[in-house]
Amino acid sequence: FIQLAETGTAKFTNGNVRNGYCNSSFQGGFITLSKSMSELTLDNIYFYDCKCNQPLSGGVVGVMSASYGVTQKVINVTSCTFNGCVSNGTEAAGCILVPNSGSYVVTISDCNFSECSANGGYSGGCITVAKSSDVTTVKIERCTFSNNNKSGELSASAIFVSDKGVTIDNCTFEDNNSDSDALFV
């Protein structure tokens, strides 16, 4: 769909995205934050039926893991709705993947995730924070996760975390189904 290949920042606000798709690792069904991008902001966007079919990918947001001179990537997602987004691959996420290398500061606030899924091990139906050797800070606050699903070993229907530095505050989890729980930490 969109690959941001230049250095700097990008901001998307007030929109609707349907049927975003990718078929490559380190990609996202809507957007891929390239190796040299430093900041991505998504505000008040409705994502519907976005999909990615590879490992290390996100149904909506994917991030190429090498940093190429960027010391830290910042991702802000605010007041967005994710519905029916899917990723089919190991270490993937139905919506947002924070990959396993690089330094990240991620804030996800006031968002709704429903009927999203990830179909592969070490994955979250909505969000996956992969283990990194670098500094990663992820804050998820005031979000609702409902009717999400995940299949596979070591997985979660809503959020899969295999790294330190993740805070989940004042979120609601309703009717999420999976081989495991809504959260896997």
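Being a predicted model, the structure only gives us computed values, none of them experimental.

Cut-off values and rules
- Residues numbered from 1 in each chain as written.
- Predicted model: local features only at pLDDT ≥ 70, side-chain atom pairs only at ≥ 80, totals over all residues.
- Heavy atoms only, no water.
- Helix = DSSP H or I, 4+ residues; strand = E, 2+ residues; numbered from the N terminus.
- Buried < 20%, exposed > 50% of the residue type's maximum accessible area, 1.4 Å probe, protein only.
- Areas by Shrake-Rupley, 256 points an atom, 1.4 Å probe, with all protein chains shown as cover.
- Contact = heavy atoms within 4.5 Å.
- pLDDT = per-residue confidence, 0-100.
- Disulfide = S-S within 2.5 Å.
- Phe/Tyr/Trp six-rings, centres within 6.5 Å; stacked < 30°, edge-to-face > 60°.

A.B. asks: Would you take a moment to explain the overall build of the protein for this structure?
C.D. replies: For the protein, the helix and strand inventory stands at zero helices and 23 strands. The buried share of the protein, taken over its 185 residues, is 52%. Accessible area of the protein: about 7,500 Å², with a carbon and sulfur share of 44%.

A.B. asks: For this particular structure, what's the right way to read unusual backbone geometry?
C.D. replies: When glycine is set aside, most residues are seen to have a negative phi, and most peptide bonds are trans. One non-glycine residue with positive phi stands out, namely D49, at about 55°. Note that D49 resides in the loop between β5 (37-48) and β6 (51-52). A positive phi is found at Y122, a non-glycine position, where the angle reads about 55°. Looking at the secondary structure, you find Y122 in the loop between β14 (117-119) and β15 (127-129).

A.B. asks: What is the right way to read the environment of S24 from this model?
C.D. replies: Its place among the elements puts S24 in the loop between β3 (21-22) and β4 (31-33). In the structure, S24 is positioned 33 residues away from S57 in sequence and 7.5 Å away in space, judged by C-alpha atoms. Not counting residues within four places of it along the chain, the set of residues in contact with S24 comprises C52, Q54 and S57.

A.B. asks: In this structure, what is going on with the confidence of the model for the protein? I would like to understand it.
C.D. replies: Reading fine detail from the predicted coordinates is not recommended where pLDDT is low. Summary statistics for the protein give a mean pLDDT of 84 and a share of 88% for residues scoring 70 or more. By mean pLDDT, strand β1 (residues 2-4) is the weakest element of the protein at 60, and strand β9 (residues 81-83) is the strongest at 98.

A.B. asks: For this particular structure, what's the right way to read the state of the cysteines?
C.D. replies: Two cysteines, two sulfur atoms, one covalent bond between them: this is a disulfide. What the rule picks out here adds up to one disulfide. In this model, C22 is linked to C52 through a disulfide, with the two sulfur atoms separated by 1.9 Å. Disulfide C22-C52: torsion about the S-S bond near -85°, hence left-handed. With a gap of 30 residues between them, C22 in strand β3 and C52 in strand β6 connect regions that are remote in the sequence. Under the relative-accessibility criterion, C22 is labelled buried at 7%. Taking relative accessible area as the criterion, C52 reaches 0% and is therefore assigned buried. With no disulfide of its own, C111 lies closest to C143 among cysteine sulfurs, the gap being 4.7 Å. Here C171 is not cross-linked by a disulfide; its sulfur's nearest cysteine counterpart is in C143, at 4.8 Å. Judged by its relative accessible area of 18%, C171 falls in the buried class.

A.B. asks: How should I be thinking about the packing of aromatic side chains in this particular structure?
C.D. replies: To describe a pair of aromatic rings, one takes the distance between the centres and the angle between the planes. Under the counting rule described, the total for this entry stands at eight aromatic pairs. When the ring of Y46 is compared with that of Y48, the centres are 6.2 Å apart and the planes differ by 15°; the resulting orientation is stacked. Overall, the relative accessible area of 30% leaves Y46 in the partly exposed class. With a centroid separation of 4.7 Å and an interplanar angle of 5°, the aromatic rings of F82 and F113 are classed as stacked. Remark: F113 occurs in strand β13 (residues 112-114) and F82 occurs in strand β9; sequence separation between them is 31 residues. Members of the aromatic cluster, each reached through a chain of ring pairs, are F12, F30, F47, F82, F113, F145 and F173.

A.B. asks: What is the right way to look at the side chain of S87 in this model?
C.D. replies: Along the chain, S87 falls in strand β10 (residues 86-87). Assessed through its relative accessible area of 0%, S87 is described here as buried. Contacts of S87, omitting those with residues within four sequence positions, involve C52, Q54, S57, G59, A92, A93, G94, S117, A118 and N119.

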